[in-house]
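These are the residues of each chain, in order.
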Amino acid sequence: MGSLHRLPLMRQPVSLLTRLPSVTSRTVFSRQLHLHQRPRIPQLSTTLIGKPQRRLVSNETAADARSTVTRLKNFFFGTSIVLALSFTYLYVTDTRASIHEWLVVPVLRTVVSDAEDAHKVGNKALAGLYTFGLHPRERGDVDAKGDLRVEVFGHILDNPIGTSAGLDKNADIPSPLLALGPGIVEVGGATPFPQEGNDKPRVWRIPSQNALINRYGLNSEGADSVALRLKQRVREFAHSIGLGLGAEAERKVLDGEAGVPPGSLVPGRLLAVQCAKMKTTPDGDIGAVAQDYVYCVTQLGKYADIIVVNVSSPNTPGLRSLQAATPLTAILTSVVGAAQACDRKTKPAVMVKVSPDEDSEDQVRDICAAVWTSGVDGIIVGNTTKKRPDHLPRGFALTAQEEKIMLEQGGYSGPQLFERTVSLVKKYRSILDQGPPQPKPDEKPEVPTSATQKEKPEVPSVASGSERSGDNDLTSHRIDQSIQRDAARLKPLTEEADAESKQPLLKLPERHAISSEPSHELQAAEPGLSASNHAHQVIFATGGITNGKQALEVLNAGASVAMVYTALVYGGAGTISRIKSEMRDEISKKGSSNP
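Treat the numbers as computed from the prediction; the structure is a model and nothing was measured. (Residues numbered from 1 in each chain as written. Predicted model: local features only at pLDDT ≥ 70, side-chain atom pairs only at ≥ 80, totals over all residues. Heavy atoms only, no water.)

The number of helices and strands found in the chain is 21 helices and 13 strands. The long-range fraction of contacts in the chain, counting pairs at least 24 apart against all pairs at least 6 apart in sequence, stands at 76%. Total accessible area on the chain is roughly 29900 Å²; 57% of this is exposed by carbon and sulfur atoms. (Helix = DSSP H or I, 4+ residues; strand = E, 2+ residues; numbered from the N terminus. Contact = heavy atoms within 4.5 Å. Areas by Shrake-Rupley, 256 points an atom, 1.4 Å probe, with all protein chains shown as cover.)

A few words on the pairing of strand 5 (residues 203-206). Across the two faces of strand 5 the burial is the same, with Val203 and Arg205 and Trp204 and Ile206 all buried. With four bridges joining them, strand 5 and strand 6 (residues 211-214) adopt antiparallel strand pairing. Residue pairing for strand 6: Ile206 is matched across the bridge by Ala211. What sits between strand 5 and strand 6 in their antiparallel hairpin is a turn of four residues, with Asn210 showing a positive phi close to 50°. (Buried < 20%, exposed > 50% of the residue type's maximum accessible area, 1.4 Å probe, protein only. Pairing = 2+ DSSP bridges.)

With that settled, consider the packing of helix 8 (residues 223-240) against helix 9 (residues 247-254). Relative to each other, helix 8 and helix 9 sit at 95°, their axes nearing to 9 Å. As far as their axial angle goes, helix 9 and helix 8 are roughly perpendicular. Where helix 8 approaches helix 9, its residues Lys231, Val234, Arg235, Phe237 and Ala238 are matched on the opposing element by Ala247, Ala249, Glu250, Val253 and Leu254. Partitioned by chemical class, the residues of the contact of helix 8 with helix 9 number seven nonpolar, no polar and three charged. (Axes fitted to C-alpha atoms, helices over the stretch in contact; angles between N-to-C directions. Parallel < 35°, antiparallel > 145°, perpendicular 65-115°, else oblique. Nonpolar A, V, L, I, M, F, W, Y, C, P; charged D, E, K, R; others polar.)

Now for the pattern of salt bridges. Tallied over the entire structure, the rule returns 23 salt bridges. The residue Lys580 makes a salt bridge to Glu138 at a minimum N-O spacing of 2.9 Å. Taken as a pair, Lys580 in helix 21 (residues 575-593) and Glu138 in the loop between helix 6 (115-131) and strand 1 (150-152) lie far apart in primary sequence, 442 residues in all. A salt bridge links Arg269 to Asp158; the nearest nitrogen and oxygen atoms lie 3.4 Å apart. Of this pair, Arg269 sits in the loop between helix 9 and strand 7 (270-275) while Asp158 sits in the loop between strand 2 (155-157) and strand 3 (161-163), placing them 111 residues apart in sequence. Residues Arg269 and Asp158 agree in their burial class; the two are buried. Each of Glu138, Asp143, Lys145, Asp147, Asp158, Arg269, Lys580 and Arg584 takes part in a single network of salt bridges with overlapping partners. (Salt bridge = Lys/Arg side-chain N within 4 Å of Asp/Glu carboxyl O.)

Here we come to the confidence of the model for the chain. On average, residues of the chain score 81 in pLDDT, and 73% of them reach the 70 mark or higher. Segment residues 500-535: pLDDT under 50, and 85 contacts once partners within four positions in sequence are set aside and those in other chains are kept. (pLDDT = per-residue confidence, 0-100.)

Counting residues in hydrophobic clusters, the biggest one holds 93 residues, and the most contacted among them are Tyr293, Leu300, Ile331, Val352, Ile379, Tyr428 and Val554. Every residue in contact with Ile379, bar those within four places of it in the chain, is listed here: Met351, Val352, Val354, Ile367, Cys368, Val371, Tyr428, Leu432, Val538, Ile539 and Phe540. Membership of the second largest hydrophobic core comes to 15 residues, among which are Val152, Ile184, Leu270 and Phe540. (Core = buried A, V, L, I, M, F, W, Y, C linked by side-chain atoms within 4.5 Å.)

With six of six residues buried, strand 9 (residues 349-354) lies mostly within the body of the structure. Residues Ala349, Met351 and Lys353 of strand 9 are buried on one face, and the alternating residues Val350, Val352 and Val354, pointing to the opposite face, are buried as well. When strand 8 (residues 306-310) meets strand 9, the two strands line up parallel, connected through five bridges. Within the sheet, the bridge partner assigned to Val308 lies in strand 9 and is Met351. The handedness of the strand 8 to strand 9 crossover, carried by helix 11 (residues 325-340), is right-handed. When strand 9 meets strand 10 (residues 378-381), the two strands line up parallel, connected through four bridges. (Right-handed = clockwise from strand over helix to strand, strands pointing away.)

Together, Tyr89, Leu90, Leu129, Phe132 and Leu134 make up a nonpolar patch on the protein surface, roughly 480 Å² of accessible area in all. Tracing the chain through its elements places Leu129 in helix 6. Relative accessible area serves as the criterion here: at 34%, Leu129 is assigned to the partly exposed category. (Patch = residues over 30% accessible without salt bridge, like charges linked within 9 Å, V, L, I, M, F, W, Y side chains within 5 Å.)

Taking 1.5 Å per residue, 18 residues should reach 26 Å; helix 8 reaches 26 Å between its end C-alpha atoms and fits that length. Listing the buried residues of helix 8 in full gives Ala223, Val226, Ala227, Leu230, Arg233, Val234, Arg235, Phe237 and Ala238. Buried residues along helix 8 sit against helix 7 (174-179), strand 4 (184-190), helix 9, strand 7 and helix 10 (286-300). Following helix 8 by one or two positions, Gly242 adopts a phi angle in the positive range, close to 85°. (Expected span 1.5 Å × (residues − 1).)

So, about the sheet that holds strand 8. Pairing within the closed barrel is parallel, and its eight strands lie in the order 3-4-7-8-9-10-12-13. Here the strands of the sheet are splayed against their neighbours by 25° on average, with no regard to which way each runs.

Attention shifts here to the packing of helix 11 against helix 12 (residues 361-374). Taken N-terminus to C-terminus, the directions of helix 11 and helix 12 make an angle of 30°; their axes are 9 Å apart at the nearest point. Overall, the two elements helix 11 and helix 12 adopt an arrangement that is roughly parallel. For the pair helix 11 and helix 12, the sense of crossing is right-handed. Here helix 11 contributes Ala325, Leu328, Thr329, Leu332, Thr333 and Val336 to the contact with helix 12, which in turn contributes Asp366, Ile367, Ala370, Val371, Thr373 and Ser374. In the contact of helix 11 with helix 12, the residues fall into seven nonpolar, four polar and one charged. (Left-handed = near helix turned anticlockwise from the far one by under 90°.)

Structure (structure tokens):
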């Protein structure tokens with residue numbers, strides 16, 4: 001049994017030993033198994049430090065280089081865009097850019113065929129651009145050297161160029177217009193209450209002549225609406241300079257505490273506001289007509305540096321009949337009284353705008369007599385004409401369409417009016433320089449020794465039912481009384497009386513040293529001063545002025561300011577700057593030819 005039990009035992013170890021490796025073999029096997037299961041760290045470290053690592057560093061360097069190049073490209077690209085936009089902004093918003101005349105105006109004329117609609121689109125665009133500071137403006141202080149300065153109503157203007165009413169009928173864009181560089185901007189004409197004017201179409205272009213025909217009929221939003229815009233403009237200006245936004249801030253600006261004219265709000269510039277009567281007011285009721293103008297002055301006077309009385313529009317029936325001596329004197333006397341009653345320390349000057357068609361010697365003398373008698377400060381010579389002048393150049397043949405337009409009723413404006421404007425300015429200057437008309441022997445006026453004795457003219461009452469009902473006898477009697485009273489109270493023509501009665505808009509530098517006699521030749525410096533300063537009444541000229549040489553000619557004929565309208569319509573935003581540049585060139589030529 002023992003052997004039987006031992007035999008299997010002996011076989012089992014032998015069998016296990018034969019199946020299991022030796023100790024050495026087991027050790028090698030365990031090591032191999034261990035190596036097979038352990039991560040190959042030494043081999044991985046070698047991989048990271050080898051060629052793949054150097055390739056990664058190289059890729060990062062290349063990426064950095066590409067990033068630097070990209071950044072430089074973006075920088076130069078962005079800078080180029082900024083410079084291009086800046087240059088475009090500076091160019092397009094400069095009045096000296098030819099784009100305004102040769103691109104903007106033709107495109108607008110092509111896109112908007114109706115002349116009145118094109119005018120409205122242009123004004124709205126100018127107003128919108130001004131809101132965002134993108135409007136055209138005269139860059140640099142081109143008037144700083146003072147070679148074009150003139151004195152008007154005791155105020156030194158930077159230059160003698162103005163814009164005529166009609167460009168801005170409702171005072172929508174006085175500030176954008178002033179930014180174009182004129183010395184004076186005229187807005188209006190404003191009627192007492194809103195009126196539509198004549199039926200459309202009522203404006204036509206004659207491109208070959210750079211001319212216009214219009215029969216607007218004094219369309220206006222009314223004096224109240226215009227006054228509201230001008231009031232808002234003053235208050236916004238007061239706020240911009242730190243005075244506040246209320247009534248007290250407005251008062252400070254209007255009383256001159258801001259150091260700028262209360263109308264223009266720009267040093268060296270003035271704002272004129274034109275007033276007109278209602279189309280429905282009977283021309284024979286002079287009291288009612290006068291009250292129309294007085295209402296406009298009452299509403300608008302304190303926001304204006306100059307009030308303009310329009311009695312010369314050809315498109316309001318019967319209006320030009322008011323230029324006769326008797327009705328004109330009554331109207332102007334009332335307007336002067338209303339202007340002197342304006343709620344402002346300094347009072348606006350008063351001018352009357354007369355027709356170029358009333359040009360006979362007697363008509364001019366009657367108007368000048370009314371100006372002297374009423375105390376009006378000056379005359380704007382010229383408006384649109386009912387006549388149809390010859391074409392330019394002489395013998396030029398109009399197209400069939402333009403020939404048809406020439407038959408339209410309305411006022412004509414264009415370069416053809418220039419010669420007539422110069423002739424009228426000389427005529428008015430000559431008669432005004434003769435002084436006020438001598439009173440009739442039976443009137444025996446008593447001339448006061450001091451201008452302080454001069455009384456205010458009476459202003460027709462709004463509630464005067466007899467005048468509004470057409471009581472012409474009573475009206476004529478009052479007119480005669482007014483004429484006699486004012487003729488008897490004219491201030492003496494002495495330097496003391498003149499200085500005592502003057503109310504300049506601002507404290508001004510000393511007057512320019514000028515000749516005592518007007519000159520009708522181009523001046524080498526300060527054109528127009530000699531013609532305007534020695535006389536008591538100022539003349540503005542408008543009608544056909546298109547370039548600097550013509551502006552100088554009309555100034556040396558006796559005007560103080562040359563005003564443009566149609567030239568600006570056809571020439572665009574750069575017209576004023578161009579005319580002033582041409583004036584300087586002409587003065588320079590004249591100076592070099594006469595050392």
